[in-house]
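Next come the chains, spelled out residue by residue.
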Amino acid sequence: MKSVIVSDTTSLIVLEKLESLGLLCKLFEQILMPTVVLAELQAGSPNITVQLENLPCFTVVDVPASKRLTSLLLLLDAGEANAIELATSLHLPLIIDERKGRQIAQQLGIRITGFAGLLIQANRSKLVDTHTALAMLDQAVANGLRLAPSLQQQVRDVLEQTSQAQ
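Being a predicted model, the structure only gives us computed values, none of them experimental. (Residues numbered from 1 in each chain as written. Predicted model: local features only at pLDDT ≥ 70, side-chain atom pairs only at ≥ 80, totals over all residues. Heavy atoms only, no water.)

We now examine unusual backbone geometry. For H91, which is not glycine, the phi dihedral falls at a positive 55 degrees. By the element assignment, H91 lies in the loop between helix 6 (78-90) and strand 4 (94-95). Here the phi dihedral of K126 falls at roughly 60 degrees; this positive angle occurs in a residue that is not glycine. (Helix = DSSP H or I, 4+ residues; strand = E, 2+ residues; numbered from the N terminus.)

This is the structure:
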């Protein structure tokens, strides 16, 4: 069930800190990343380009200017706006974590997921066992991923239910 998806920056940063960017290549055939997202990644991790070169599932894409992109840039940061524009124009799902960006993407009819959803998907696909998924969730939060405690608990519950069902 591999497919193509567009990614904003946050989940990529989280996965990079967890040394798990390659997990996305197991979940998706191709991850499209706007050039602006790559620039945001490079700002926090200058060596990210080398990592991405070793992961051929990642493709950096220039997002052409458009009226919609200009409007999105008034509401969101450049990475989110470009990722939403790319996902919208190509009719692809989107990895995005920030609440406002998620809301806007959903209003535009984009199917979305975030770090928590990716973790659940990886666990259900048996790419990551439940213990590891829970540890990754804890580490991501410790590294600064903002997830409401109620959402953290929901993710834990889903992961544990998946473990019991397997």
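This part covers the nonpolar core. With 38 residues, the main nonpolar core has L12, L21, L24, F28, M33, F58 and F115 as its most contacted residues. Elements supplying a minimum of two residues to this core: helix 1 (10-17), helix 2 (22-27), strand 2 (30-34), helix 3 (35-44), helix 4 (48-53), helix 8 (115-124), helix 9 (130-142) and helix 10 (149-165). Sort the elements by how many residues they give to this core and helix 8 lands first, with 6 residues. Residues within four places of L21 in sequence aside, it is in contact with L12, L15, E16, I48, Q51, L52, L55 and F58. (Core = buried A, V, L, I, M, F, W, Y, C linked by side-chain atoms within 4.5 Å. Buried < 20%, exposed > 50% of the residue type's maximum accessible area, 1.4 Å probe, protein only. Contact = heavy atoms within 4.5 Å.)

One pass over the structure, following the stated rule, counts 2 salt bridges. Between R68 and E85 there is a salt bridge; the shortest N-O distance is 2.6 Å. Highlighted residues: R68 in helix 5 (residues 67-75) and E85 in helix 6, separated in sequence by 17 residues. Residue classification places R68 among the partly exposed residues on the basis of a relative accessible area of 34%. Linking R156 and D138 is a salt bridge whose minimum nitrogen-to-oxygen distance equals 2.3 Å. Of this pair, R156 sits in helix 10 while D138 sits in helix 9, and the two are 18 residues apart along the sequence. (Salt bridge = Lys/Arg side-chain N within 4 Å of Asp/Glu carboxyl O.)

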